[in-house]
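Residue-level listing of the chains:
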Amino acid sequence: GDSVTQMEGPVTLSEEAFLTINCTYTATGYPSLFWYVQYPGEGLQLLLKATKADDKGSNKGFEATYRKETTSFHLEKGSVQVSDSAVYFCARYNQGGKLIFGQGTELSVKP
Amino acid sequence: GAVVSQHPSRVICKSGTSVKIECRSLDFQATTMFWYRQFPKQSLMLMATSNEGSKATYEQGVEKDKFLINHASLTLSTLTVTSAHPEDSSFYICSARDAGGGEKLFFGSGTQLSVL
């Protein structure tokens, strides 16, 4: 069935390091793909999205490219900051129109 | 941006008691709200879809008599965990879709339930 798999955390980086959080999906067709972020003590917020193959979503220095060849939507940022410390969720809609999530990846950025 | 308020953020209760969690959309109307459950290090699992003025739709494997959902107004949905047991301990998150349309969901900050 439809699913989303993302790399396990926690991921610990130093400030200004390069970040990659892997996300792959299984699907029939080409669903819209999303990255959500949950900062400590807050609800999930939409970070970025891509609606079709080869689209690149971007926001706050984060980017993710919808790659149908590898069924992936990896999240990247060139230089992370302490304020990026959060839990990141990859997500997509299933055929029933329900939003399904990966297991979340906790990012901790040290000064 | 749109805000969803979820209350309480943390609750500890004794086994056998019932716990109510509220989810409010503060600056928009939500005809549809969703309830998720999250275990540590695991994904958010959709429990049920709550539609204003009608019965909730539960996902397979979710006990509707255990997890009572009420969506009596366009800004409020409640989840009641009845006769809670330790295995119900989890993180519960609600989300709401703006009745004005669009794909975007707005999430509450979650409720950590601990049943002793």
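Trainee: Please give an account of the packing of aromatic side chains that cites residues and values.
Mentor: Tallied over the full model, the rule gives 13 aromatic pairs over all chains. Ring centres of Tyr25(A) and Tyr66(A) lie 5.9 Å apart, and the angle between their planes is 70°; this geometry places the pair in the edge-to-face category. With Tyr25(A) in strand β4 (residues 23–26) and Tyr66(A) in the loop between β8 (62–65) and β9 (75–77), this pair connects stretches of sequence that are 41 residues apart. Between Phe101(A) and Tyr36(B), the ring centres sit 5.4 Å apart and the planes meet at 80°, which makes this aromatic pair edge-to-face. With Phe101(A) in strand β11 (residues 99–101) and Tyr36(B) in strand β4 (residues 30–38), this pair bridges two chains. An aromatic cluster is built from Phe34(A), Tyr36(A), Phe89(A), Tyr93(A), Phe101(A), Tyr36(B) and Phe107(B), whose rings are joined through pairwise contacts.

Trainee: Would you mind going over the interface of chain B and chain A in detail, with residue names and values included?
Mentor: As a measure of interface size, the accessible area lost when the parts come together is often cited. At the interface, 19 residues of chain B touch 19 residues of chain A. Counting across the interface, chain B meets chain A through one salt bridge. The salt bridge partner of Glu59(B) is Lys98(A), with a shortest N-O separation of 2.8 Å. For the pair chain B and chain A, the number of links is four residue pairs in polar contact (both at pLDDT 80 or more). Split by residue class, the side of chain B that touches chain A holds eight nonpolar, six polar and five charged.

Trainee: Pulling in residues and values, what's your account of the nonpolar core?
Mentor: Among the nonpolar cores identified, the biggest contains 26 residues, and Leu19(A), Trp35(A), Leu47(A), Leu48(A), Phe73(A), Leu75(A) and Tyr88(A) are the most heavily contacted of them. Where this core is concerned, the elements lending two or more residues are β2 (11–14), β3 (19–21), β4, β5 (33–38), β6 (44–50), β8, β10 (86–93) and β12 (105–110) of chain A. When near neighbours in sequence (up to four residues on either side) are disregarded, Leu48(A) contacts Leu33(A), Phe34(A), Trp35(A), Gly57(A), Ser58(A), Asn59(A), Phe62(A), Glu63(A), Ala64(A), Phe73(A) and Leu75(A). Residues Val19(B), Met33(B), Val81(B) and Leu113(B) belong to the second largest nonpolar core, which totals 24 residues.

Trainee: I'd love a proper account of the layout of surface pockets, names of residues and values included.
Mentor: Computed from the structure, the largest pocket encloses a volume of approximately 730 Å³. In terms of lining residues, the largest pocket is bounded by 26 residues, among which Gln38(A), Val87(A), Phe89(A), Glu106(A) and Gln38(B) are the most central. Taken together, the elements giving at least two residues each to the lining of the largest pocket come down to β10 and β12 of chain A together with β9 (90–98) of chain B. The element best represented in the lining of the largest pocket is β10(A), accounting for three residues. Lining the second largest pocket we find 14 residues, and of these Ile100(A), Phe101(A), Leu44(B), Met45(B) and Leu46(B) sit closest to its centre. Elements represented by at least two residues in the lining of the second largest pocket include exactly β1 (3–6) and β11 of chain A together with β5 (44–51) of chain B.

Trainee: Break down the pairing of β10(A) for me, citing the residues and quoting the values.
Mentor: All names here are of chain A. Extensive coverage of β10 is indicated by the burial of seven of its eight residues. Across six bridges, the pairing between β5 and β10 is antiparallel. For Tyr36, the partnering residue across the bridge sits in β10 and is Phe89. For β10 and β12, the ladder comprises three bridges, and the chain directions are antiparallel. Within β12, the residue paired with Tyr88 across the bridge is Thr105. With three bridges joining them, β10 and β11 adopt antiparallel strand pairing. Note on β11: the bridge partner recorded for Tyr93 is Leu99. Connecting β10 to the antiparallel partner β11 that follows it, the hairpin turn spans five residues, and Gly97 within it adopts a positive phi of roughly 85°.

Trainee: Which residues make up the state of the cysteines, and what values go with them?
Mentor: Residues and elements named next belong to chain B. Evaluated as defined, the whole model comprises two disulfides over all chains. Here Cys23 connects covalently by a disulfide to Cys94, the sulfurs 2.0 Å from one another. Taking the sign of the torsion about the S-S bond as the criterion, the disulfide between Cys23 and Cys94, at about 80°, is right-handed. Placement of the pair is Cys23 in strand β3 (residues 19–25) and Cys94 in strand β9, with a sequence separation of 71 residues. Given a relative accessible area of 0%, Cys23 falls into the buried group. A disulfide-free cysteine, Cys13 has its sulfur positioned 18 Å from the sulfur of Cys94, the nearest such atom.

Cut-offs used in this document
- Residues numbered from 1 in each chain as written.
- Chains lettered and ligands numbered in written order.
- Predicted model: local features only at pLDDT ≥ 70, side-chain atom pairs only at ≥ 80, totals over all residues.
- Heavy atoms only, no water.
- Phe/Tyr/Trp six-rings, centres within 6.5 Å; stacked < 30°, edge-to-face > 60°.
- Helix = DSSP H or I, 4+ residues; strand = E, 2+ residues; numbered from the N terminus.
- Contact = heavy atoms within 4.5 Å.
- Salt bridge = Lys/Arg side-chain N within 4 Å of Asp/Glu carboxyl O.
- Polar contact = N/O pair within 3.5 Å; in protein donor to acceptor, adjacent residues only side chain to side chain.
- Nonpolar A, V, L, I, M, F, W, Y, C, P; charged D, E, K, R; others polar.
- Core = buried A, V, L, I, M, F, W, Y, C linked by side-chain atoms within 4.5 Å.
- Buried < 20%, exposed > 50% of the residue type's maximum accessible area, 1.4 Å probe, protein only.
- 1 Å grid on protein atoms, 1.4 Å probe; cavity = no way out; pocket = protein on both sides within 12 Å on 5 of 7 lines; lining within 4 Å.
- Points joined across faces, edges and corners; volume = space filled by probe spheres on them.
- Pairing = 2+ DSSP bridges.
- Disulfide = S-S within 2.5 Å.

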